[in-house]
Amino acid sequence: GGTAYMSSTGWPKRFRNRWLKLEGTDVSEALQMGIDPGHGLPTAIYAFSAVTDVVSRGTKTGTVLTGNLPVATALGVLGLGSDMTKAGIDLTTLGGAVPVRITLDQEGRLHGLSVEGKHLSADPKLSGTSATLVRMTSARLVFSRWGQPVDITVPTDDQLVQAKDL
């Protein structure tokens, strides 16, 4: 359950400063459709539920988790899901998994996530320009400022954009 609102400066100009509203299963459906609601960050937050084959290792500063993401989800984290879909690539047909690294601080709070596009290029459906773009892309997200106040204003209906329009 729950509701998420996402916006991105990477969206077409007519949708900038607008918000995509995702409720409950809409989030996982958006990932499956290859929608990149926020050029990686919001997609990455929801991608944690898709990580498989997790191995945990303690460090001096916390914990490092390594695992695998489905290719379609990894493309979303990299901010490339919607671009690949627009290029005619059906993300649901891409096989394999992509290594992901997740770090937790000493208190067990999420600190970071990293995915490198060079691990995606092996799928034969990603060729030519698509493969080059993917190989050149990586995402390293850092989460911080835990416990600090956050001010959130829910967007009004006239500020919303529909997923199908992206």
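Residues numbered from 1 in each chain as written. Predicted model: local features only at pLDDT ≥ 70, side-chain atom pairs only at ≥ 80, totals over all residues. Heavy atoms only, no water.

Enquirer: Hey, could you run me through the sheet that holds strand β8 (residues 160-161) in this one?
Expert: The strands that make up a sheet pair up through hydrogen bonds in the backbone, lying either parallel or antiparallel. Taken in spatial order, the 3 strands of this open sheet run β1-β2-β8, and their pairing is mixed. Two strands in the sheet have a free side with no partner beyond their single neighbour: β1 (3-6) and β8. Judged from the 4 bridges that link them, β1 and strand β2 (residues 19-23) form a sheet pairing that is antiparallel. Each bridged residue has a counterpart across the sheet, and for Ala 4 the counterpart in β2 is Leu 22. (Pairing = 2+ DSSP bridges. Helix = DSSP H or I, 4+ residues; strand = E, 2+ residues; numbered from the N terminus.)

Enquirer: Sorry, what's going on with the nonpolar core here?
Expert: Across soluble globular proteins, nonpolar side chains show a tendency to be buried alongside one another. Formed by 27 residues in total, the largest nonpolar core has its most connected members in Leu 69, Leu 75, Met 84, Val 115 and Leu 120. Within the residue set of this core, elements represented by two or more residues are β4 (62-70), α3 (71-77), β5 (97-105), β6 (110-116) and β7 (138-142). Examining the composition of this core, we find that 5 residues originate from one element, α3, more than from any other. Apart from the residues lying within four places of it in its own chain, the contact partners of Val 115 are Leu 69, Ala 74, Val 77, Leu 78, Val 98, Pro 99, Val 100, Ser 138 and Ala 139. Judged by nonpolar contacts, the second largest core, of 8 residues, contains Ala 4, Met 6, Phe 15 and Val 161. (Core = buried A, V, L, I, M, F, W, Y, C linked by side-chain atoms within 4.5 Å. Buried < 20%, exposed > 50% of the residue type's maximum accessible area, 1.4 Å probe, protein only. Contact = heavy atoms within 4.5 Å.)

Enquirer: Help me out: how do you make sense of the pairing of β6 in this one?
Expert: In regular strands, side chains alternate between the two faces of the sheet. Where β5 and β6 come together, 4 bridges link them in antiparallel fashion. Along β6, the bridge assignment pairs Ile 102 with Leu 113. The hairpin formed by β5 and β6 contains 4 residues between the paired strands, and Gly 108 there has a positive phi angle of roughly 85 degrees. Looking at chain direction, β6 and β7 are connected through 5 bridges and run antiparallel. The residue bridging Gly 112 from the neighbouring strand is Val 142, located in β7.

Enquirer: Explain the pattern of salt bridges to me, please; I cannot follow it from the model alone.
Expert: Opposite charge on two side chains lets them pair, provided their charged atoms get close. With the rule as written, the count across this model stands at 3 salt bridges. For Glu 107, the salt bridge is made with Arg 109, and the minimal N-O distance between the two is 3.5 Å. On the accessibility criterion, Glu 107 (62% relative accessible area) is exposed. The class of Arg 109 is partly exposed, set by a relative accessible area of 30%. With a shortest N-O distance of 3.2 Å, Lys 118 and Glu 116 are connected by a salt bridge. Glu 116 gets classed as partly exposed once you look at its relative accessible area, which sits at 37%. One network of salt bridges, in which partners are shared, links Asp 105, Glu 107 and Arg 109. (Salt bridge = Lys/Arg side-chain N within 4 Å of Asp/Glu carboxyl O.)

Enquirer: What is the right way to read the side chain of Asp 105 from this model?
Expert: Residue position: Asp 105 is located in strand β5. Apart from residues no more than four positions distant in its own chain, Asp 105 is found in contact with Thr 61, Gly 62 and His 111.

Enquirer: What is the right way to look at unusual backbone geometry in this model?
Expert: Most peptide bonds take the trans form, and the phi angle of most residues other than glycine is negative. Here Asn 17, not a glycine, exhibits a phi torsion of approximately 65 degrees, which is positive. Looking at where Asn 17 falls in the secondary structure, it is placed in the loop between β1 and β2. Overall, the relative accessible area of 69% leaves Asn 17 in the exposed class. Not every positive phi belongs to a glycine, and Asp 53 is a case in point at roughly 55 degrees. With respect to the helices, strands and loops of the structure, Asp 53 is situated in strand β3 (residues 52-59). According to the relative accessible area criterion, Asp 53 is exposed, its value standing at 57%.

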